[in-house]
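One-letter residues, chain by chain:
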Amino acid sequence: MQSAKGTAHTKLWRKPFDHEQKAAKPGKVVIDRERCKGCGYCVEFCPKEALKMSDELGPRGYTIAKVADQSKCLSCGLCEIICPEFAINLEPGDDKK
Amino acid sequence: MVTVTSKPIDQYLRVDRMPHIWCAGCGIGLATSCFIRGIERAGLDLDKIAVVSGIGCTGRVAGYVKFDSFHTTHGRALPFATGLKLGNPELKVVVFSGDGDLAAIGGNHLIHSARRNIDMTVICINNFNYGMTGGQMGPTTPLEARSTTSPYGNFEYPFNLPYLVAASGATYVARWTVLHLRQLERCIAEALVKPGFSFIEVLSPCPTVYGRMNKRARGLDEMHYYQEKSVIRNGADPKEADIVLDGPIVVGKFIDIKRPTLWDYRRQVLDKALEQKKPQAEKGAVASQEQ
Amino acid sequence: MSDNGVLSGTFFMNGDEACAEGAISAGCRFFAGYPITPATEIAERMSERLPQVEGVFIQMEDEIASMNAVLGASWAGVKAMTATSGPGFSLMMENLGLGVMLETPCVVVDVQRAGPSTGLPTLVAQGDMMQARWGSHGSYEIIALVPSSPQEIFDLTITAFNLSEKYRVPVLIMSDEAVGHMSEKVVIRQVAPDDLVSRKRPRVAPEKYQPYKPDKDLVPPMAIAGEGYRFHVTGLTHDERGYPAMTAEAQDRLVRRLVDKIRLNRKAIIKYEEVSTEDAEVIVFAYGITARIARHAVQQARDEGIRAGLLRPITIWPFPEERVRELARQVKAFVVPEINYGQIVFEVERCAAGKAKTVLLPHMGGAVHLPQTILEGIREAVR
């Protein structure tokens, strides 16, 4: 079995029996339009590329980040802690963070 | 202005002052966010935290966190914090300031505070220049780096802050970049709880000035540089942590030793001396009782 | 010495020592300083006495650090003091301004010596008087007291702490090397707790507290670190919440209040002593050590038949303007002996507003005036 170095595998050659319970559930990422300054850290460092830079301008004139694909989210919380503006809030899919 | 959605982290922030003034891509917000999570992790009494900052972009941190905070004069956060701590030793004193503030104008106070091993935590955000005033070189600007006061390239050799502070006597010295979010959070939590002078250097992008003048105009460029060039060497000798322009960056926890703090030594010395100097009358009274 | 380490009784001590004891009697429990002649004895005495009264002494790495440590300790809720001389006083200026801006109660003693620059480190002068008023940048008011004996410096140090706590402003004690190093009888009285003033405390809950919302007397109640008020204070121009406010309107509100806080309360702050001024035709305006010599010269002048008097400011800043203006209508001349080349004389001249002559009797420093010099000045002034 090959494992891709340094990346989370997205293709499983066999689904584990407890996949439904163990697989990370997508969280809800909320990006505060008023605080976002479009630095791009969340987009760049999201391990699943679930976020993207949009063309939309926020109320302060910055191009802001948006959720690209909610279903890819792993609730890892990196976007929340890598945002320098305290603009991102993650509501995790799981009960515990 | 208060934003629409409220987040758990907002309880630690002065939300009526959000969004903050730091530029898009600036790492100070990240360091502040790690700081707040470090405080949570350490389980501190929030009412006893006193944040003291100096002047500069990093100095503005004091104004955004919801603790007793003091935005003092340039370079003088450390002596102010010393007075606070000696006036009320129960305070958990944190100094949050920049590379120019702490190591240039405040350099003398930095080495003396480390020498005394006074119990406080210093978070020094190093963005390699004086950002607030437009990007002048500072004591940590790498050799040959461009800045507004070194337009041909900096010809001064910079400080190696962990080396300087460790040599002066600090008992906890670490360096991380703002990309090392989890390590920085843990490091801050550890430093906050540890008695003695703890110094954490945090490297940060400064895209608007330093980055732009040194071919890393986007915060992302600097973050990629950290990603590619930083090397974690816990326990490394700080002497080997020099930073050269575009070169490798050694990060990690370098020093974590035990040494009595200023207060410990003070108590030790005074208790011994004042015990010996107890008034003669008392000793006489005991003697007469024995008779 | 009483149980708590505070002295009382009659002693023979010099001005510096008396100042230290005054601070301790006033409740000062923190001193941060740096050695400098002729103020070192204050630090030395505090280093010995503070641990005896459960206070903290620390020698900082320079005067700038000392001033800041004093501010920090005050914000931790402790009455704090530092002492220095001319060169150190100059270094402290920026952070004296911080003390004014943050409205921090504290006491700074300047035992003046001859300047400028290193000057005569061991010899007397009165050359920092204007610096006391204008030394830091920006528009502000400050309180400065001038003792002329070891006994008086003991008493005035207590007054200084009381004023600083009441008005939330650094208070300066402009001593000099002669007063600081002369030894005389000092009666240290027991100071009743009611005679000591402490800063006003907040009366509202922490969520409602605004660090710079003033009461009617223009002085805001002061929270200290560690009590849950979660305040923010800054040296930047700020609003009542303590947050930076970068506008001309905020500047106007703040600077006016910081200055008016002292100016409008000046009647309660200003103190001076008058000797035979009721019928005087010439008044000697003298302060500090010079006032003691002037007293003698005034007496000699009276013996010669000259109607001379002495006006001795105890508070030099705010300046006793009203009294000088009043007396200017009565006298022919003010004679101002000072150990500098003219500083306070300009204030006297300004207030006299041409109604009376103002004569400066300068001494550059290094020694005090002779009574003869002042007597001749008096004679000359009424000729």
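What you are looking at is a predicted structure, and each value in this text was computed from that prediction instead of being measured. (Residues numbered from 1 in each chain as written. Chains lettered and ligands numbered in written order. Predicted model: local features only at pLDDT ≥ 70, side-chain atom pairs only at ≥ 80, totals over all residues.)

Undergrad: I keep staring at the overall build of chain C and nothing clicks. Help me out?
TA: Along the backbone of chain C there are 13 helices and 16 strands. Taking 383 residues into account, the globule formula puts the C-alpha radius of gyration at 21 Å, and chain C, at 21 Å, falls close to it. The burial tally for chain C puts 57% of its 383 residues in the buried class. Expressed as a percentage of contacts within chain C between residues at least 6 apart in sequence, the contacts between residues at least 24 apart total 76%. (Helix = DSSP H or I, 4+ residues; strand = E, 2+ residues; numbered from the N terminus. Rg over C-alpha atoms; globule rule 2.2 N^0.38 Å. Buried ≥ 20, exposed ≤ 12 C-beta atoms within 10 Å, placed from the backbone. Contact = placed C-beta atoms within 7 Å.)

Undergrad: Explain the domain arrangement of chain B to me, please; I cannot follow it from the model alone.
TA: It is common to give the size of an interface as the accessible area that goes away when the parts come together. As far as domains go, chain B holds domain 1 (8-259) and domain 2 (266-291). One C-alpha centre belongs to domain 1 of chain B, the other to domain 2 of chain B; they are set 47 Å apart. (Domains from an automatic or database assignment.)

Undergrad: Honestly, the sheet that holds strand β15 (residues 333-338) of chain C in this entry has me stumped. Any pointers?
TA: Within a sheet, neighbouring strands are paired by backbone hydrogen bonds and run either parallel or antiparallel to one another. Residues and elements named next belong to chain C. Strand order in the open sheet formed by five strands is β11-β13-β12-β15-β16, with mixed pairing between adjacent strands. Only two strands of the sheet have a single partner each, and these edge strands are β11 (272-275) and β16 (357-362). On average, each strand axis in the sheet is tilted by 20 degrees relative to the strand beside it, whichever way the strands run. Taken together, the four bridges between β11 and strand β13 (residues 308-313) define a ladder with antiparallel strand orientation. The residue of β13 that forms the bridge with glutamate 273 is arginine 312. Docked against the sheet, helix α10 (residues 289-303) engages β11, β12 (282-285), β13 and β15, running at close to 165 degrees with respect to β13. (Pairing = 2+ DSSP bridges. Axes fitted to C-alpha atoms, helices over the stretch in contact; angles between N-to-C directions.)

Undergrad: When you look at the interface of chain C and chain B in this model, what are you seeing that I'm missing?
TA: With 37 residues of chain C at the interface, the matching set in chain B holds 31 residues. For the side of chain C that touches chain B, the element with the most residues is helix α3 (residues 63-75) of chain C, which contributes nine residues. One ladder, built from three bridges, connects strand β2 (residues 68-71) of chain B with strand β10 (residues 232-234) of chain C; its direction is parallel. Bridge pairing links histidine 71 of chain B to threonine 234 of chain C in β10 of chain C.

Undergrad: How do you make sense of the interface of chain B and chain A when you look at a structure like this?
TA: With 19 residues of chain B at the interface, the matching set in chain A holds 17 residues. Of all the secondary structure elements, the ones that give two or more residues to the side of chain B that touches chain A are α1 (28-42) and α9 (219-229) of chain B. The class makeup of the residues in the side of chain B that touches chain A is eleven nonpolar, seven polar and one charged. (Nonpolar A, V, L, I, M, F, W, Y, C, P; charged D, E, K, R; others polar.)

Undergrad: Please clarify how the domain arrangement of chain C should be interpreted in this entry.
TA: Residue and element names in this part refer to chain C. According to the domain assignment, chain C contains domain 1 (9-195) and domain 2 (274-382). A C-alpha centroid distance of 26 Å is found between domain 1 and domain 2. Those elements giving two or more residues to the side of domain 1 that touches domain 2 turn out to be β6 (120-124), α5 (129-134), β7 (143-145), β8 (170-176) and α7 (177-181). Residue contributions to the side of domain 1 that touches domain 2 peak at four residues, all from α5. Here the residues of the side of domain 1 that touches domain 2 sort into 16 nonpolar, three polar and three charged.

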